[in-house]
Amino acid sequence: AWEMNVVVGKSSTSTTIFNDELEYIVFSPYWVPPPSILNNEILPSLKKDPNYLQKQNMEAFNPSTREVINVSKVDWSKYTSMPYSIRQKPGNSNALGWVKFLFPNEHNIYFHDTPSRDLFVRESRGFSHGCIRLQEPKKLAQYLLRNDSTYTEQVIDSLYYLGRENYVKLENKIPVYIIYLTAWVDDNGL
């Protein structure tokens with residue numbers, strides 16, 4: 001239907017090649033960082049600045065109850081791994097942007113928007129932790145929902161900036177094949 005640039009995993013966290021089925025669109029998503037980011041990036045940042053979560057529009061929460069935890073008096077220096085679940089609230093600074101597309105998989109990889117729009121014009125676009133950032137995520141949402149008259153462009157816009165997470169289950173699952181080739185050998189061995 002169209003082409004768009006994407007940002008994929010950097011060499012140290014490359015995007016896995018696999019296939020699955022797209023099942024959900026999530027508007028105004030929370031971002032829940034995986035353990036690698038929690039322990040290698042967020043916890044060290046909290047040790048330097050106890051207000052890091054607040055500055056990044058993040059909160060700690062109980063994963064079972066989803067109850068927010070007050071961490072204002074936590075001594076982060078005594079931890080070697082993150083003791084809490086963390087999520088970034090929906091909004092302009094959310095790492096996932098305003099929408100994500102879920103095809104639940106063991107790699108924890110999905111498509112999503114991004115606030116880092118400037119990366120799409122680069123020739124080499126390996127900057128993510130493994131997920132795939134989309135240059136035109138709203139266009140993809142409109143395309144996936146095009147046969148459902150409930151989701152007009154205006155409705156999608158309102159969900160986009162809702163400020164609270166909203167899941168839309170696709171009527172039909174969409175096959176997703178993540179394949180990328182940067183070089184190959186032709187019939188002449190070149």
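Residues numbered from 1 in each chain as written. Predicted model: local features only at pLDDT ≥ 70, side-chain atom pairs only at ≥ 80, totals over all residues. Heavy atoms only, no water.

Novice: What's the story with the overall build of the protein in this structure? I'm lost.
Specialist: Looking only at helices and strands, the protein features four helices and 10 strands. Ordered by position from N to C terminus, the α and β elements of the protein give β-β-α-α-β-β-β-β-β-β-β-α-α-β. With respect to the principal axes defined by its C-alpha atoms, the protein has extents near 60 × 50 × 30 Å. For the protein, the residues scored as buried account for 36% of the 190 residues in total. Put simply, 69% of the contacts in the protein that link residues at least 6 apart link residues at least 24 apart. For the protein, the accessible area works out to roughly 11,600 Å², and carbon and sulfur atoms hold 47% of it. The averaged location of the 21 negative side-chain charges in the protein is 9 Å from the averaged location of its 20 positive side-chain charges. (Helix = DSSP H or I, 4+ residues; strand = E, 2+ residues; numbered from the N terminus. Buried < 20%, exposed > 50% of the residue type's maximum accessible area, 1.4 Å probe, protein only. Contact = heavy atoms within 4.5 Å. Areas by Shrake-Rupley, 256 points an atom, 1.4 Å probe, with all protein chains shown as cover. Lys, Arg positive; Asp, Glu negative; His and termini not counted. Charge placed at Lys NZ, Arg CZ, Asp CG, Glu CD.)

Novice: Hey, could you run me through the packing of aromatic side chains in this one?
Specialist: Any aromatic ring pair is given by two values, namely how distant the centres are and how the planes are angled relative to each other. Tallying each qualifying case throughout the model produces nine aromatic pairs. Centre to centre, the rings of Phe 18 and Phe 103 are 6.1 Å apart; their planes meet at 40°, and the pair counts as tilted. One end of the pair, Phe 18, is in strand 2 (residues 18-27); the other, Phe 103, is in the loop between strand 6 (99-102) and strand 7 (111-112), with 85 residues separating them in the sequence. For the pair formed by Phe 18 and Phe 103, the shared burial category is buried. Look at Tyr 160 and Tyr 161: their rings are 5.3 Å apart centre to centre, the planes differ by 70°, and that puts the pair in the edge-to-face class. Classification of Tyr 161 as partly exposed rests on a relative accessible area of 46%. (Phe/Tyr/Trp six-rings, centres within 6.5 Å; stacked < 30°, edge-to-face > 60°.)

Novice: Looking at this structure, how should I read the sheet that holds strand 7?
Specialist: By definition, the strands of a sheet pair up through backbone hydrogen bonds, in either a parallel or an antiparallel sense. An order of 8-1-9-7-6-2-10 is seen for the seven strands of this open sheet, with the pairing classed as mixed. The sheet is open, and its two borders are formed by strand 8 (126-128) and strand 10 (166-178), each paired with just one other strand. Here strand 6 pairs with strand 7 via two bridges, running antiparallel. If you follow Lys 100 over to strand 7, its bridge partner there is His 112. (Pairing = 2+ DSSP bridges.)

Novice: So what exactly am I meant to see when it comes to a nonpolar patch on the surface here?
Specialist: A cluster of nonpolar side chains, namely Ile 17, Tyr 177, Ile 179, Tyr 180, Leu 181 and Trp 184, defines an oily patch on the protein surface of about 780 Å² accessible area. Of the residues examined, Trp 184 reaches a relative accessible area of 64% and is grouped as exposed. (Patch = residues over 30% accessible without salt bridge, like charges linked within 9 Å, V, L, I, M, F, W, Y side chains within 5 Å. Salt bridge = Lys/Arg side-chain N within 4 Å of Asp/Glu carboxyl O.)

Novice: How should the nonpolar core be read in this particular structure?
Specialist: Generally speaking, soluble globular proteins have nonpolar side chains that are buried together. Ile 25, Phe 27, Ile 42 and Phe 101 are the most contacted members of the largest nonpolar core, which totals 43 residues. In contact with Phe 101, not counting residues within four places along its chain, are Leu 22, Tyr 24, Ile 25, Tyr 110, Phe 111, Leu 134, Pro 137, Leu 140, Ala 141 and Leu 144. (Core = buried A, V, L, I, M, F, W, Y, C linked by side-chain atoms within 4.5 Å.)

Novice: Would you explain the sheet that holds strand 5 (residues 85-88) in this entry?
Specialist: Read across the sheet, three strands follow the order 4-3-5 without closing on themselves; strand pairing throughout is antiparallel. The sheet is open, and its two edges are formed by strand 4 (68-69) and strand 5, each paired on a single side. Inspection of the sheet shows strand 3 (residues 58-61) paired to strand 5 by four bridges, in the antiparallel sense. Across the sheet, the residue bridging to Glu 59 is Arg 87, located in strand 5.

Novice: For this particular structure, what's the right way to read the environment of Val 168?
Specialist: As for its placement among the helices and strands, Val 168 is situated in strand 10. Distance in space between the C-alpha atoms of Val 168 and Glu 23 is 8.6 Å, their sequence separation being 145 residues.

Novice: Looking at this model, I keep getting lost on the side chain of Thr 15. Mind explaining?
Specialist: Within the secondary structure, Thr 15 sits in the loop between strand 1 (6-9) and strand 2. Polar side-chain contacts of Thr 15 include one of 2.8 Å to the backbone nitrogen of Gly 9. Among the polar contacts listed, one links the side chain of Thr 15 to the backbone oxygen of Gly 130, at a separation of 2.9 Å. (Polar contact = N/O pair within 3.5 Å; in protein donor to acceptor, adjacent residues only side chain to side chain.)

Novice: For this particular structure, what's the right way to read the pattern of salt bridges?
Specialist: Pairing is possible between side chains of opposite charge, provided their charged atoms come close. Counting across every chain of the model gives six salt bridges. Put simply, Glu 59 and Arg 87 hold a salt bridge, and the shortest N to O gap is 2.6 Å. Pair noted here: Glu 59 is in strand 3 and Arg 87 is in strand 5, with a separation of 28 residues, a long-range link. Between Asp 113 and Arg 117 there is a salt bridge whose closest N-O contact spans 2.9 Å. Here the residues in one salt-bridge network are Glu 59, Arg 87 and Lys 89, joined through shared partners.

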